[in-house]
Structures are given as structure tokens and as C-alpha cells.
Amino acid sequence: MLILSWAVLVFLAWRLPDGTAKDLAAFLPDCVTTVRRLRRDSRVPRGAKVAVLIAGLWVISPIDLIPEFLPVIGPLDDIVVVALALRYAARRTPPDVVRDAWPGRPDVIDRLLGRRPRGAEAAE
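The structure reproduced in this document is the subject of the present report. Per-chain numbering applies: the sequence of each chain, read as written, is numbered from 1 onward. Reporting of local features is limited, given that this is a predicted model, to residues whose pLDDT is at least 70; pairs of side-chain atoms are given and counted only at 80 or more, and all residues count toward the totals for whole chains, interfaces and linings. As a convention, hydrogens and water are excluded, and side-chain values are obtained from all of the structure's heavy atoms.

## Here's the deal with a nonpolar patch on the surface
Here's step 1: Only residues whose relative accessible area exceeds 30% and that form no salt bridge are eligible for patches; like-charged ones are grouped when within 9 Å, while nonpolar side chains (Val, Leu, Ile, Met, Phe, Trp, Tyr) are grouped when within 5 Å. Note on areas: Shrake-Rupley, 1.4 Å probe, and residue coverage restricted to the protein chains presented here. Any carboxyl oxygen of Asp or Glu within 4 Å of a side-chain nitrogen of Lys or Arg constitutes a salt bridge here. A cluster of nonpolar side chains, contributed by L53, L57 and I60, occupies part of the molecular surface with about 300 Å² of accessible area.
Here's step 2: Counting from the N terminus, the helices are DSSP H or I runs at least four residues long and the strands are E runs at least two residues long. Relative to the helices and strands, L57 is located in helix α4 (residues 46-60).

## Examining the pattern of salt bridges
Here's step 1: Evaluation of the coordinates by the stated rule reveals four salt bridges.
Here's step 2: Between R105 and D107 there is a salt bridge, with its nearest N and O atoms 2.9 Å apart.
Here's step 3: Each residue's exposure class comes from its accessible area (1.4 Å probe, protein chains only) as a fraction of the maximum for that residue type: buried when under 20%, exposed when over 50%, partly exposed otherwise. On the basis of relative accessibility, which here comes to 41%, the residue R105 falls in the partly exposed class.
Here's step 4: One network of salt bridges, with partners in common, ties together D96, R99 and D110.

## Here's the deal with α4
Here's step 1: Between its terminal C-alpha atoms α4 stretches 21 Å, which fits the 21 Å expected from 15 residues at 1.5 Å a residue.
Here's step 2: Within α4, burial applies to A48, A51, V52, A55 and V59. For α4, the angular spread of buried residues about the axis comes to 90 degrees, placing them on one side. Exposed side of α4, more than 90 degrees from the buried face: R46, I54 and I60 are the residues found there.
Here's step 3: Those residues of α4 hidden inside the fold are in contact with α3 (28-40) and α5 (76-91). Expected span of a helix: the number of residues minus one, times 1.5 Å. This arc is taken over the directions from the axis of the helix to the C-beta atoms. Contacts: residue pairs with any heavy atoms within 4.5 Å of one another.

Written out as C-alpha cells, the structure is:
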């Protein structure tokens, strides 16, 4: 069962845009802050709030599929769950609401959500 759970996590991590998991490992506190802010925002639909609430509970849960003491990969299950919940919420919420809730670098949330960073169109 544990191996199957890891396989599911690897598959879900594979679905994230390139570089996102590495960036999120350094910014997990920003993800938790965003989850908390989106959960309290009245502009976020109920289904999106449920998704981010589940992600928040996953992060604070003492039960992990990958033990936290393992360097680099320890927080991977938390990162994948939060990233997917934020992507789900962002698809059902106005983009500015999610960007306003994100306390970190804007390019990280843009990559997480699968959007081009602002100004990228002008660079082409």
C-alpha cells in the first residue's frame, strides 16, 4: 500500500510544471499562508475552499507518506498536495484573488498555476 501511495505521489508530482516542486520546497510556508488566506476569502467558491482546507490539514497532519526527516524529498508529499489543491482552487477563482493571497514571489505562483509570468508575452 505504501509503494502504491508513493507511485501516486510521483505521478501527481509529474503533472506539475517543470521546476515547481523544487521551488515549492523552499516556499512551503508561502503555500500554507495562501491556503489560510483563500479559505477565509469570500470570493473563493466553496469547492475550492474545501480543496485548500484538505491540503492545509494534510500539511499539518503528523502522518506522511514520505517521512519529513528525509532531506529534500521529505516534504514532497506536502508540496504535491498543496500545489494540486492551489491549482484546483485557482481554476475556480479569479486569478487576482489567488495572486493576492500568495505572499511569495509572483513568478512562483504563476508557474505553479501553469500561467505565464506577467510580462512574458512582451519578451517573445
